[in-house]
Amino acid sequence: MSPERESLDFDIVFVGAGPANLSAAIHLQNLVERHNERATSPLEPEIAIIEKGRYPGAHLLSGAILDPSAFSLFMPDFLEKGCPLEAPVGKEHVWFLGEKRKLRIPYLPEAFRNGGNYLVSLSRFGAWLASEAEARGIALIDNTAATGPILENGRVAGIVTDDKGIDRNGRAMPGSEPGMRLNARAVVVGEGARGSLFRQLDRIFGLQPEAGKQIYETGVKEVWKIPAGRTGAGEIHHTFGHPLPPELYGGGWLYAFSETSVSLGFVTSAEPSLPSVDPHYNLQLFKRHPLVRDIIAGGSMLEYGAKTITSGGYDAMPKLFGPGFLLTGECAGLVNMQRLKGLHLAMHSGVLAAETLFDSLVSGDFTEKALRTYETRFETSAMKEELHGARLYRQGFEHGLYRGLVNAGLKVAVPAPPSSPGENRLLPGGKEYDKWLLKKKAFRPDGALTFGKNDSVFRSGTVHEENQPCHLEIQPEDVAVICAERCAGEFGNPCQHFCPAGVYEIDTDSRPPLKINPSNCLHCKTCEIADPYGVIVWKPPEGGGGPGYKLC
Ligand code: SF4
C-alpha cells in the first residue's frame with residue numbers, strides 16, 4: 001500500500017539545483033518582479049527548487065571553464081555581485097601525449113580558444129547561484145530527491161520526493177517520513193547527465209530521438225594544492241593521447257586556479273570498446289605523465305569526484321518539452337564537446353525556460369502547446385547556432401582518434417552511427433586486453449601522486465545512510481545468471497573497472513561473486529551506461545546522500 005503523502009502546491013517546481021535551473025529560477029523571479037512594478041494584478045508564483053545533495057553545489061562538478069556570455073541575458077552585473085571566479089583564462093596549451101613525451105600543438109584550434117572566459121569551481125559557482133536564487137525569495141529544498149513524476153490526464157502534474165527512514169529491507173524505521181507530493185503547473189527537469197526522472201519521462205513520452213543515440217563520457221577530477229612557481233593563475237592545458245589507445249575517445253585537462261591550486265582531470269568514453277576501461281586508473285596514469293607530474297608533485301590532493309558528460313550534441317538532443325514539463329541544461333543534451341563546454345548553454349537554456357514559464361504565468365496557459373514555445377525559442381537562439389555548428393563532432397571519433405581529428409579539423413560531418421547497445425561494441429577479452437589487465441593489476445598507487453579508489457572516494461565527501469535499500473538495482477536472477485556467468489565469461493565483469501568509486505567488487509570465491517558497496521557511490525551514472533547488458537538501474541538514494549563537493 002502506498003504511504004500517505006503530504007501534498008504541497010507550487011506553480012513551478014525545478015528538479016535539480018544546477019546552473020541551468022538556478023539561472024532559470026533567478027531570471028523568472030526577475031521577470032515577475034519587473035512585471036509587478038507596472039501590473040494591476042501582480043503575479044505571486046510559488047516556485048521551488050529541489051536538490052538531492054545535502055547543500056547547494058554538493059553534487060556539482062565540472063572542469064570548468066565558464067564562457068560568461070549567458071550572464072548578459074539575465075545578470076549582466078555578475079562580477080559586481082561577487083560571482084566566484086577562480087581566474088580569467090590565461091596561457092593556453094594543447095598537447096599530444098605519448099607515454100613519456102609531449103608534443104605541443106602549435107596552432108590552437110578555434111574551439112580551444114578561451115580568451116574572455118574564466119576558470120570556476122562548479123560547486124562554488126552553483127552554491128553562489130543558489131544564494132542569488134534564495135535572496136529573491138525562491139524556496140530551495142535540499143536533501144530531497146525526485147523519485148518519480150505525478151501523472152494526471154496524460155501530463156506531468158508534479159513530482160514525488162524520496163521516502164526517508166526506510167531500512168535496507170524496505171521497512172519503515174522509527175521516525176521515517178514518506179516523501180511528499182509536490183504538485184506543480186510545470187516541472188523543469190535539470191538533473192544533469194542521465195537523470196533518473198528524465199529516464200522515466202523518456203520511457204513515458206519518448207523524448208530521445210530514435211536516430212540520435214545519446215553518447216556519454218566519464219570525467220574524473222581532482223583539485224590539488226601545489227607548491228608555488230610551477231604554473232600561473234589561469235594557465236590551462238588540454239591533452240589527448242596517453243594513456244588512452246587511439247581507438248578510445250577521451251583526454252585530459254589541467255587548469256590553474258591560482259599559482260598554488262589546480263583542477264585536473266581525465267575524460268574517458270563511457271561506452272568503451274575495450275571491456276575493462278577504468279576512468280580512475282586513466283587519471284592515475286595521466287598524473288604520472290611528466291607534463292602533469294612536474295606541476296603537481298609534492299602537492300596534496302584536496303578533493304576527488306566523477307560525473308558523466310552528455311556528449312552526443314545537437315543530433316542526440318531529446319525533445320525539450322512535454323506535457324507539463326521542460327528539460328534544461330545537460331539533461332537536454334546541451335553540451336558542446338568541440339568546445340568542451342556546457343555551462344553557458346545550461347544557463348542559456350535556463351533563461352529560455354524562464355521566459356517560457358513567465359509567459360505561461362501571465363496567460364495562465366501551461367498546456368503543452370504553450371510550453372512548446374521553449375523549443376521555438378531554442379530554434380532561434382545563439383545556442384542552437386553554436387550546437388548546430390559543432391554537430392556530429394563527437395560521433396566523428398567513433399572510428400578512433402586519428403579519424404576523429406581529421407573529421408574535426410576538416411569539419412566533416414560524418415553520418416550518425418546506428419543506435420547499438422553497448423554489448424555489441426565491447427570486444428571480448430583478447431591479447432591486448434590481457435596485457436592491459438596485467439599492467440593494471442601490477443599498478444600500485446603511491447598515496448602521494450596516485451591513489452586507490454577508496455582513498456579517492458574518501459576525498460569526495462561522499463556519505464550515504466548505510467541502512468537504506470541499495471540504490472543500485474540489479475535483479476537477483478540477473479546477478480546469478482548475467483553477472484556471475486555470462487558477463488564474467490564474455491567480458492570479465494567490466495563493472496569492477498568502469499566504476500570510478502569501486503562500488504562493484506568481484507570475489508570469485510563468494511556466491512554470488514558480485515558485491516556492491518552503494519555507500520561509495522559518486523552518483524556519476526557510468527554504471528548504467530557502460531554495463532554491457534543493461535541490468536544495472538541507478539535510483540536516487542535517500543536525499544542528502546552522495547558526494548559533498550566544495551572545490552570541484
Ligand atoms: Fe558511478 Fe555507478 Fe559507480 Fe555510483 S555505482 S560511482 S553511479 S559507476
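Residues numbered from 1 in each chain as written. Predicted model: local features only at pLDDT ≥ 70, side-chain atom pairs only at ≥ 80, totals over all residues. Heavy atoms only, no water.

**Remarks on the domain arrangement of the chain**
Our working rule: Where a domain begins and ends is set by an automatic assignment or by a domain database. We call two residues in contact whenever any of their non-hydrogen atoms come within 4.5 Å of each other. By convention, the term buried area covers the 1.4 Å-probe accessible surface removed from two parts as they join, with the contributions of both added. Salt bridges are defined as contacts in which a side-chain nitrogen from Lys or Arg sits within 4 Å of a carboxyl oxygen from Asp or Glu. Think of a polar contact as two N or O atoms within 3.5 Å of one another; within protein, one of them needs to be a possible hydrogen donor and the other a possible acceptor, and neighboring residues in sequence only count if both atoms come from side chains. Note on residue classes: Ala, Val, Leu, Ile, Met, Phe, Trp, Tyr, Cys and Pro are nonpolar, Asp, Glu, Lys and Arg are charged, and everything else, Gly too, is polar.
Here the chain is partitioned into domain 1 (7-83 + 122-212 + 314-389), domain 2 (93-119 + 214-311 + 400-442) and domain 3 (453-538). Placing a centre on the C-alpha atoms of domain 1 and another on those of domain 2 gives a separation of 30 Å. Of the residues lining the interface, 24 residues belong to domain 1; the matching set on domain 2 comes to 27 residues. Buried area between domain 1 and domain 2, summed over both chains or domains, comes out near 2200 Å², and the portion from carbon and sulfur atoms is 56%. Scanning the region where domain 1 abuts domain 2 turns up one salt bridge. Its salt-bridge partner being E330, residue K307 comes within 2.7 Å of it at the nearest N-O pair. Between the two partners, domain 1 and domain 2, sit nine residue pairs in polar contact (both at pLDDT 80 or more). Considering only residue class, the side of domain 1 that touches domain 2 consists of 12 nonpolar, six polar and six charged.

**Some words on the layout of surface pockets**
The rolling of a water-molecule-sized probe over the atoms marks out the regions of remaining empty space. The line we're drawing: Only protein atoms enter the 1 Å grid used here. Points where a 1.4 Å probe fits but cannot escape make up a cavity, open sets with protein on both sides within 12 Å along at least five of seven lines make up a pocket, and a residue lines them when an atom lies within 4 Å of a point. Grid points are joined across faces, edges and corners, and a volume is the space filled by probe spheres set on the points. Strands are runs of DSSP state E lasting at least 2 residues, helices are runs of H or I lasting at least 4, and numbering of each runs from the N terminus.
By volume, the second largest pocket is sized at about 1300 Å³. Surrounding the second largest pocket, 45 residues form its lining, R199, R203, E528, V537 and W538 being those nearest its centre. Those elements that place two or more of their residues in the lining of the second largest pocket are β10 (155-161), α4 (196-205), α17 (526-530) and β24 (537-538). In terms of residue count, α4 provides more of the lining of the second largest pocket than any other element does, six residues in total. Looking at the lining of the second largest pocket residue by residue, the classes come out as 16 nonpolar, 14 polar and 15 charged.

**What to know about unusual backbone geometry**
Going from G63 to A64, the amide bond is cis rather than trans, its omega being -5°. As for its placement among the helices and strands, A64 is situated in the loop between β2 (47-50) and β3 (65-66). Following R511, the chain continues to P512 via a peptide bond in cis, the omega torsion being -5°. Relative to the helices and strands, P512 resides in the loop between β22 (504-506) and β23 (514-516).

**Some thoughts on the packing of aromatic side chains**
For clarity, the threshold we go by: Any pair of Phe, Tyr and Trp rings, taking the six-membered ring for Trp, is counted once the centres come within 6.5 Å. Such a pair is stacked with planes under 30 degrees apart, edge-to-face with planes over 60 apart, and tilted for the rest. When accessible area is computed with a 1.4 Å probe and restricted to protein chains, residues below 20% of their type maximum are described as buried, those above 50% as exposed, and intermediate ones as partly exposed. Lysine and arginine charges are scored as sitting over a ring when NZ or CZ, respectively, is within 6 Å of the ring centre and within 35 degrees of the ring normal.
Using the criterion set out here, one finds 14 aromatic pairs in the structure. Here F71 and F78 contribute two aromatic rings whose centre-to-centre distance is 4.2 Å and whose plane-to-plane angle is 5°, an arrangement assigned as stacked. Here F71 falls in the buried class, since its relative accessible area comes to 0%. Exposure remark for F78: the relative accessible area of 9% places this residue in the buried category. Their ring planes at 70° and their centres at 6.2 Å tell us that F71 and W128 sit as a pair that is edge-to-face. You can see F71 sitting in helix α2 (residues 71-74) and its partner W128 sitting in helix α3 (residues 122-135), a full 57 residues away along the chain. Through a chain of ring-to-ring contacts, the aromatic side chains of F71, F74, F78, F125 and W128 assemble into a single cluster. Above the plane of the ring of W95 lies R104, whose end atom (NZ or CZ) is 5.9 Å from the centre. Above the face of the Y249 ring, R394 is positioned so that its terminal group lies 3.9 Å from the ring centre.

**Some points on helix α15 (residues 476-491)**
Put simply, the rule is: Helix span is expected to be 1.5 Å times the residue number reduced by one. Here the bend at a residue means the angle between the axes of two seven-residue stretches, the one that ends at it and the one that starts at it.
In a regular helix each residue adds 1.5 Å, so 16 residues correspond to 22 Å; α15 covers only 20 Å between its end C-alpha atoms and thus falls short of that length. The largest bend in α15 is about 35°, located at I482.

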